[in-house]
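Close look at the chain arrangement
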Amino acid sequence: MPCPGNKTRHPARRRNSRAEARRRYVLDALDRPRTQAELRDALGMSNSGILQLLRRMERDGLVRPAERVCGTRIWERTRAPATKQG
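Residues numbered from 1 in each chain as written. Predicted model: local features only at pLDDT ≥ 70, side-chain atom pairs only at ≥ 80, totals over all residues. Heavy atoms only, no water.

Here we come to the side chain of Thr-35. Topologically, Thr-35 is positioned in strand β1 (residues 34–35). We classify Thr-35 as buried; its relative accessible area is 19%. Once you skip the residues sitting within four places of it in the chain, Thr-35 turns out to touch Thr-72, Arg-73 and Ile-74. (Helix = DSSP H or I, 4+ residues; strand = E, 2+ residues; numbered from the N terminus. Buried < 20%, exposed > 50% of the residue type's maximum accessible area, 1.4 Å probe, protein only. Contact = heavy atoms within 4.5 Å.)

In structure tokens, the structure reads:
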């Protein structure tokens, strides 16, 4: 049985809140298109970490790669499609 004072593992809720904070920051920052490096530096993440985050957000339909200029990928926020009424 682990010692109650030994808190080596963080609760999942706390870890998820940090991930949600990163996602919220990226969405706010992408009010205008940004480079992957700008987002990486602002969040203090590794190259592979920010790419994984952006690809996950792309899969969820939140962001998309806008263009690539000389090997630099620029990302932008996706616009929600108009909902069909009727």
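There's more to say after this.
Within the largest apolar cluster, 11 residues are counted, these being Val-26, Leu-27, Ala-29, Leu-30, Leu-39, Ile-50, Leu-53, Leu-54, Met-57, Val-63 and Trp-75. Contributions of two or more residues to this core are made by α1 (12–29) and α3 (47–59). No other element matches α3, which puts 4 residues into this core. Setting aside residues up to four positions removed in sequence, Ile-50 forms contacts with Gln-36, Leu-39, Arg-40, Leu-43 and Met-45. (Core = buried A, V, L, I, M, F, W, Y, C linked by side-chain atoms within 4.5 Å.)

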